[in-house]
Amino acid sequence: LVFSHGAISPRAQMLIAWRHPLTVLVAVEAFYLALQTVLWLRYRPAPPLADAELPRLSVIIPAFNEGPMVERSIRSVADAEYPRDRLEIIVVDDGSRDDTLFHMRKLRRTYPELVRVLHFPGNQGKRAALRAGFLAAAGDVVLTVDSDSEMGPDTLRRMVAPFANARVGAVAGRIRVLNRDTFIGRMLEVQFTLSFDFARAAQSAYGTVMVCPGALSAFRRAVIVPHLDAWMDQRFLGRPVGHGEDQALTNVVLRAGYDTVYQRDAAVWTLVPDRY
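Right, let's walk through the structure included here. Since the model is a prediction, treat every value here as computed from it, not as a measurement. Throughout, residues of each chain are indexed from 1 in the direction in which the sequence is written. Confidence filtering applies because this is a predicted model: local features only for residues at pLDDT of at least 70, side-chain atom pairs given and counted only at 80 or more, and all residues used for totals across whole chains, interfaces and linings. Side-chain calculation: all heavy atoms of the structure are included, whereas hydrogens and water are not.

Considerations on the packing of helix H2 (residues 21-42) against helix H7 (residues 183-204)
Here is the rule: In this analysis an axis means a line fitted to C-alpha atoms, helices contributing only their contacting stretch, and an angle means the value between N-to-C directions, from 0 to 180 degrees. Where helices and strands are cited, they refer to DSSP runs of H or I of at least four residues and of E of at least two residues respectively, numbered from the N terminus. An angle counts as roughly parallel when it lies under 35 degrees, as roughly antiparallel when it exceeds 145, as roughly perpendicular when it falls between 65 and 115, and as oblique in every other case. Contacts were defined at the residue level, with two residues in contact if any of their heavy atoms lie within 4.5 Å. Note on residue categories: nonpolar means Ala, Val, Leu, Ile, Met, Phe, Trp, Tyr, Cys or Pro, charged means Asp, Glu, Lys or Arg, and polar means any other residue, Gly included.
Look at H2 against H7: their axes get within 8 Å of each other, and the N-to-C directions meet at 80°. Classified by the angle between their axes, H2 and H7 sit roughly perpendicular to one another. Residues Leu33, Gln36, Thr37, Leu39 and Trp40 of H2 lie in contact with H7, whose contacting residues are Asp197, Phe198, Ala199, Ala201 and Ala202. Per-class residue counts for the contact of H2 with H7 are 7 nonpolar, 2 polar and 1 charged.

What to know about helix H3 (residues 69-78)
For clarity, the cut-off: Buried, partly exposed and exposed residues are distinguished by accessible area as a fraction of the type maximum, computed with a 1.4 Å probe on protein chains only: under 20%, between the cut-offs, and over 50%, respectively.
Burial within H3 is extensive, with 8 of its 10 residues counted as buried. Considered for burial, the residues of H3 that qualify are Met69, Val70, Glu71, Ser73, Ile74, Ser76, Val77 and Ala78. Residues of H3 that are buried make contact with strand S1 (57-63), strand S2 (87-94), helix H4 (100-110), strand S3 (115-120), strand S5 (149-151) and helix H6 (155-160).

Overview of unusual backbone geometry
One non-glycine residue, Asn65, lies in the positive phi region at around 50°. The residue Asn65 is located in the loop between S1 and H3 in this model. Judged by its relative accessible area of 31%, Asn65 falls in the partly exposed class.

Focus on the packing of helix H5 (residues 126-136) against helix H10 (residues 245-255)
The N-to-C vectors of H5 and H10 enclose an angle of 45°; their axes lie 10 Å apart at closest approach. It follows that H5 is oblique to H10 by the angle criterion. Contact residues: Lys126, Arg127, Leu130 and Phe134 in H5; Glu245, Ala248 and Leu249 in H10.

What about the pairing of S2?
Going by this rule: Paired strands, in this sense, are two strands between which DSSP finds at least two bridges.
The buried fraction of S2 amounts to 8 of the 8 residues, a majority that puts the element mostly inside the structure. Neither face of S2 is open: one carries Leu87, Ile89, Val91 and Asp93, the other Glu88, Ile90, Val92 and Asp94, and all of them are buried. Here 7 bridges tie S1 to S2, and the two strands are oriented parallel to one another. Residue pairing in the sheet places Ala63 in a bridge with Asp93 of S2.

Topic: the side chain of Arg127
To be explicit about the condition: When charges are counted, Lys and Arg contribute as positive and Asp and Glu as negative, whereas His and the chain ends are disregarded. By salt bridge we mean one thing: a side-chain nitrogen of Lys or Arg within 4 Å of a carboxyl oxygen of Asp or Glu.
Secondary-structure assignment places Arg127 in helix H5. We note that Arg127 is buried and unpaired, the nearest opposite charge coming from Glu245 at a distance of 5.1 Å. Among all residues touching Arg127, those that are not within four sequence positions of it are Trp231, Met232, Gln234, Val241, Gly242, His243, Gly244, Glu245 and Ala248.

Observations regarding the sheet that holds S2
If you walk across this open sheet you meet the 8 strands as S3-S2-S1-S4-S7-S6-S10-S5, and the pairing is mixed. Where the open sheet ends on each side, the last strands, each with one partner, are S3 and S5. Put simply, the sheet's adjacent strands are angled 30° from each other on average, direction ignored. Note: strand S6 (residues 168-177) against strand S10 (residues 259-270), 9 bridges, orientation parallel. Each bridged residue has a counterpart across the sheet, and for Val168 the counterpart in S10 is Asp259. Lying on the sheet, H4 is in contact with S1, S2 and S3; it crosses S3 at an angle near 155°. Helix-sheet contacts for H10 involve S6, strand S7 (216-220) and S10, and the interaxial angle to S10 is about 155°.

Quick look at the packing of aromatic side chains
This is how the line gets drawn: The criterion for an aromatic pair is that two Phe, Tyr or Trp rings (for Trp, the six-membered ring) have centres within 6.5 Å, with stacked assigned to planes under 30 degrees apart, edge-to-face to planes over 60 apart and tilted to the rest.
A complete count under the given rule lists 3 aromatic pairs for this structure. Geometrically, the ring pair formed by Tyr43 and Tyr262 is tilted, given 5.6 Å between the ring centres and 35° between the ring planes. Of this pair, Tyr43 sits in the loop between H2 and S1 while Tyr262 sits in strand S10, and the two are 219 residues apart along the sequence. Looking at Tyr262, the relative accessible area reads 2%, which means it is buried. Arranged with centres 6.2 Å apart and planes meeting at 65°, the rings of Phe134 and Phe219 form a pair that is edge-to-face. With a gap of 85 residues between them, Phe134 in helix H5 and Phe219 in strand S7 connect regions that are remote in the sequence. Taking the relative accessible area as the measure of exposure, Phe219 reaches 1% and is therefore buried.

Description of the environment of Leu156
Secondary-structure assignment places Leu156 in helix H6. Looking at Leu156, the relative accessible area reads 0%, which means it is buried. Distance from Leu156 to Ile90, taken between C-alpha atoms, is 15 Å for residues 66 residues apart in sequence. Not counting residues up to four positions away in its chain, the partners in contact with Leu156 are Leu57, Val59, Val77, Ala80, Tyr82, Leu87, Leu143 and Met151.

Considerations on the pairing of S3
What counts here: Look down the strands so they point away from you; if going from the first strand over the helix to the second traces a clockwise path, that crossover is right-handed.
Both S2 and S3 contribute to a ladder of 6 bridges, which runs parallel. Paired with Asp94 across the bridge in S3 is Phe120. For the crossover from S2 across H4 to S3, the handedness is right-handed.

Remember that the coordinates give geometry; whether it matters functionally is a separate question.
Here you go:
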């Protein structure tokens, strides 16, 4: 390993380098990235279902001080390519102090056969709004979408497609940026692709998407409802947890023994900040 004049041989230098913690970390990260890339390349979304195979679907849209944007969100769901006799939209006003409830009731009059409005007299938080929606839902599959987001015409059909597999308990949709006309919006579109599309496609290959995002996710109602009270009472170090409701719901599905998967061709476009 050492030459006669005291210099360290290339082989010894390599062995020493491999024992350095930073080198080991880089090697592990490189292997993980390569594995993710292989899984991402192998990923394929579930094929869409025929009309006769589509499940009864309930869409929950919780909102707090969303204003006119909630109307755009509701319309995108109501105008989606999904059988009207198998679709319901439950909008939950979480004690808004602006005109959010006005826009909800307006869409209720426009789509009386589709839209139901639930109203909280005071703000209770997103978990409470989602819980009310799950309990009121009649669908076998419940889809949650944020009130600052719009979906495409075929998003609903594509989101329910993976549930043809009885092992699937939750589906994560693809998150896109709605306001991409700003520099920050374009940057976030790239981040969403790397963080959401790349990672979730790889995780979907082994049926364990770690977070089904609040902006667009679908769940088997029968899997979620028995655990709603425990989910509402989630605590950390004895204190209530008010955020991370989407990851907590995903954990409910995984603990129940079901797969969580990603559906790349089911997209929602969401508003992102346009100023630093």
